[in-house]
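# Breakdown of the fold
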Amino acid sequence: MKSLIKILAIAVVLVVVSCNKSSAPNYQFMPNMYESAGYETYGEAAFRDGVEAQLPAESSIPRGFVPFDIENSTEGYALAKETLKSPLDSTQVDLERGKQLYDIYCGICHGNKGDGQGNLVKREKILGIPSYDDAGRAINEGSIYHVIYYGKNAMGSYANQLNEEERWQVVSYVLQLKADLEK
């Protein structure tokens, strides 16, 4: 038994000593993964124009992006108002989610009830937000979606903050607010 312990002790010492070779560095498997060539963003690179930061290919569409075919103009607004309908059916409309998104993005100006009395209006930071039930305000699905996508007057676009499905949820909730105000 004592000889077995001596043999194991000698084996452990040999393994520890043999793995440590200070005269040469250890072998690296695929060293290019450890020591990659770093490129500066606007520095010179291997591309034809000599700049590392490249623009996307012409006519390319980002993954997950759905282009909106109606243009940002008065004619486009009128076309959206006449022709654009929600792709969500009654089972896909989630008014709770629409309310949450509306409160986050729209309620600060339009008010949580859609009456045009949001916090920014009450503090007089912005003026002239009409209520959804105003007589001259004939809004529908298409016009609301167009305004969310492109913005209108002082209101900016929310196309970057809300994806297509979320925009339609907000549209459904705005129509619900409009119906509630008209009662």
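Residues numbered from 1 in each chain as written. Predicted model: local features only at pLDDT ≥ 70, side-chain atom pairs only at ≥ 80, totals over all residues. Heavy atoms only, no water.

Another aspect to go through is helix H2 (residues 74-83). Three or more residues of H2 are buried, namely Gly-76, Tyr-77 and Ala-80. Projected onto a plane normal to the axis of H2, the buried residues spread over an arc of 100° and lie on a single side. In H2, the exposed positions angled more than 90 degrees off the buried face are occupied by Thr-74, Glu-75 and Glu-82. Considering only its buried residues, H2 is in contact with helix H6 (141-150). (Buried < 20%, exposed > 50% of the residue type's maximum accessible area, 1.4 Å probe, protein only. Helix = DSSP H or I, 4+ residues; strand = E, 2+ residues; numbered from the N terminus. Arc of directions from axis to C-beta. Contact = heavy atoms within 4.5 Å.)

Let's shift gears to the packing of aromatic side chains. Describing an aromatic ring pair means giving the distance of the ring centres and the angle of the ring planes. A complete count under the given rule lists 9 aromatic pairs for this structure. Relative to Tyr-149, the ring of Tyr-145 has its centre 6.3 Å away and its plane inclined at 20°; by these criteria the two rings are stacked. Of this pair, Tyr-145 and Tyr-149 both sit in helix H6, separated by 4 residues, roughly a single helical turn. With respect to class, Tyr-145 is no different from Tyr-149; both count as buried. Ring-pair connections join several aromatic residues into one group, and the members of that group are Phe-68, Tyr-145, Tyr-149, Tyr-150 and Trp-168. For the cation-ring pair, Lys-152 lies above Tyr-77, with the distance from its terminal atom to the ring centre recorded as 3.9 Å. (Phe/Tyr/Trp six-rings, centres within 6.5 Å; stacked < 30°, edge-to-face > 60°. Lys NZ or Arg CZ within 6 Å of the ring centre and 35° of its normal.)

On to the confidence of the model for the protein chain, then. Low-pLDDT portions of the prediction should not be read for the details of their coordinates. When pLDDT is averaged along the protein chain, the result is 83, and 89% of the positions lie at 70 or above. Per-element averaging of pLDDT across the protein chain places helix H1 (residues 2-19) at the bottom with 77 and helix H3 (residues 95-105) at the top with 93. (pLDDT = per-residue confidence, 0-100.)

The next point concerns the packing of H3 against helix H7 (residues 164-182). At a minimum axis distance of 8 Å, the contact between H3 and H7 shows a crossing angle of 95°. In this view, H3 runs roughly perpendicular relative to H7, as classed from their interaxial angle. On H7, the residues that touch Leu-95, Arg-97, Gly-98, Lys-99, Leu-101 and Tyr-102 of H3 are Glu-165, Glu-166, Gln-169, Val-170, Ser-172, Tyr-173, Val-174, Gln-176 and Leu-177. For the contact of H3 with H7, the class distribution of residues is 7 nonpolar, 4 polar and 4 charged. (Axes fitted to C-alpha atoms, helices over the stretch in contact; angles between N-to-C directions. Parallel < 35°, antiparallel > 145°, perpendicular 65-115°, else oblique. Nonpolar A, V, L, I, M, F, W, Y, C, P; charged D, E, K, R; others polar.)

Turning our eyes to something else, we now look at the pattern of salt bridges. Summed over all chains, the structure comprises 4 salt bridges. Here Arg-97 ties to Glu-165 by a salt bridge, and the two come within 2.6 Å at their closest N and O atoms. Highlighted residues: Arg-97 in helix H3 and Glu-165 in helix H7, separated in sequence by 68 residues. Judged by relative accessible area, which is 31%, Glu-165 ranks as partly exposed. When salt bridges with common partners are traced through the structure, they connect Arg-97, Glu-165 and Glu-166 into a single cluster. (Salt bridge = Lys/Arg side-chain N within 4 Å of Asp/Glu carboxyl O.)

It is worth spelling out the nonpolar core at this point. Formed by 21 residues in total, the largest nonpolar core has its most connected members in Leu-84, Tyr-102, Tyr-145, Val-170 and Val-174. Breaking this core down by element, the ones donating at least two residues are H3, H6 and H7. Looking at this core element by element, the count peaks at 6 residues for H7. Sequence-distant contacts of Tyr-102, that is, excluding residues within four places in its chain, are made with Gly-107, His-110, Gly-111, Asn-112, Gly-114, Tyr-132, Val-170, Tyr-173, Val-174 and Leu-177. (Core = buried A, V, L, I, M, F, W, Y, C linked by side-chain atoms within 4.5 Å.)

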